[in-house]
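What follows is each chain in one-letter form.
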Amino acid sequence: MTSKSPLALLPLVLFLVLFVGSGLWYQTQGVDFAFYQISAPVAILPAIVLAIILAKGSLNKRIDTFIRGVGDNTIITMVLIYLLAGAFASVAKAVGGVDATVNFGLSVVPPAFVLPGLFIITAFVATSMGTSMGTIAAIGPIAIGVANATDLSLLLTVGTVIGGAMFGDNLSIISDTTIAATRTQGCDMRDKFRMNFKIALPAALVTLVLLYFQSGVAHIGQVKDYELIKVLPYVVVLTLAVLGVNVMLVLFSGIVLAGVIGLTMLPDFTVATWSKEIYSGYTGMQEILILSLLIGGMGALMKAQGGLDWLVSIIEKIARVFGAKPGSTRAGEFSISASVALTNLCTANNTVSILINGSVAKDIATRYNVDARRSASLLDIFSCVAQGLLPYGAQILLASSLAKVSPISLISYVQYNWLLAAAAIVSIVIAWPKIKKNNGLPLSYVK
């Protein structure tokens, strides 16, 4: 039996120090996107070296442990999904899917519902694209133009876009956060989506009500022409995913459908263009793909040395200090939520924080009888909450640079994220939504 050892976690600490420390240093130098100057897959290399040094056994045995972690079934499946998700997002955008979706949404929004409509459009686009950054980049300029042309608050309008983008990123089946959360916890994307949606929907509805009363009456101006068929790939992918079709088949179908639309409707879109867009999607996932592989290897080394067991035991002790009963599901859920949120504060990257906490969360879920769907949902929700409120996170930095406002001034206007945090905490306290079980076990654990 492997002994529990805090020393085994030193590689993780080193990774965080290098990644976060470089971001803080660049921030003091006034560099834009300071926390993204040193790539995470590069910052983790010294940590992997340290993990190999700390491991026991021959060098070949240590390296074999690392390689087994890299080649873990969960990690490889995650990588394949990343590639297909990137390819679909790239092809769908290239054929005009994003522009068509945005313009269609703007064309049907009544003047009295500008802010709620903007939230809904942004949420749908982000859910379809699987990226909050891409959504903010696409819709942010439109929102800023609307605010400048009306009496709407610029901060509120931009905050609405960030909130909608985080809603979609959190729920999208092609989002890297969803892929990471479901694969590390061992549950289906459809089940996680349903669990997530029941918590996110109340927060979204309250956000819409608040935005309605803050909207007044605004005029969007002339909306560009659009072709509704270009929205079809997103609709098909979302529908098939919710119906429970294998995610790889879903994404491949989306790539084919988007490509066919491009070939039949765009004169400049050829098979060669299609191929280039697919490959462009692959390369767009390169950083998170490499990081997933390396974290898988480093995690295997830390686990073999008892680092993860030690961390779980510490979390259990802290939970007991705050009155949690041994085996309490609620304590487990709070532990998972707090650990991923705190990690996100350090890394300023929600996917990285999920990957780092994946093994620990799964272990906590097993010990505290937390359903796999529930742990995946909480990982994604609380990393999303933290990421959307970080003044040094990519989402707020991008939005603030587009709007030319202070990142800190935006935080209080991302109303959805605050409400999502409240909804998630309440859901833990009241044990909602109820999870169906089979023979006393959560469905996710029944084989």
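Residues numbered from 1 in each chain as written. Predicted model: local features only at pLDDT ≥ 70, side-chain atom pairs only at ≥ 80, totals over all residues. Heavy atoms only, no water.

Engineer: Just to check I follow, could you spell out unusual backbone geometry for this structure?
Structural biologist: For residues other than glycine, phi is negative in most cases, and the peptide bonds are mostly trans. For the peptide bond that leads from tryptophan 432 to proline 433, omega is 0 degrees, which places it in the cis range. Tracing the sequence through the fold places proline 433 in the loop between α22 (415-429) and β1 (437-438). Positive phi, normally seen in glycine, also occurs at lysine 404, with a value near 60 degrees. Within the secondary structure, lysine 404 sits in the loop between α20 (394-403) and α21 (407-410). When its relative accessible area of 74% is taken as the criterion, lysine 404 is described as exposed. The residue alanine 431 is not glycine, and still its phi comes out positive at about 55 degrees. Tracing the backbone shows alanine 431 in the loop between α22 and β1. (Helix = DSSP H or I, 4+ residues; strand = E, 2+ residues; numbered from the N terminus. Buried < 20%, exposed > 50% of the residue type's maximum accessible area, 1.4 Å probe, protein only.)

Engineer: Just to check I follow, could you spell out empty space enclosed by the protein for this structure?
Structural biologist: Over the atoms a probe the size of a water molecule is rolled, and this reveals where empty space is left. Here the structure, examined in full by the defined rule, presents three cavities of 30 Å³ or more. Taken as a whole, the largest cavity spans an internal volume of roughly 40 Å³. Lining the largest cavity, in full, are Phe119, Gly159, Thr160, Gly163, Thr207, Leu211, Tyr413, Gln415 and Tyr416. Within the residue set of the lining of the largest cavity, elements represented by two or more residues are α9 (154-171), α11 (189-215) and α22. If you tally residues by element for the lining of the largest cavity, the top one is α9, at three residues. Tallied by class, residues from the lining of the largest cavity come to four nonpolar, five polar and no charged. (1 Å grid on protein atoms, 1.4 Å probe; cavity = no way out; pocket = protein on both sides within 12 Å on 5 of 7 lines; lining within 4 Å. Points joined across faces, edges and corners; volume = space filled by probe spheres on them. Nonpolar A, V, L, I, M, F, W, Y, C, P; charged D, E, K, R; others polar.)

Function-wise, these values are silent; they only describe arrangement.
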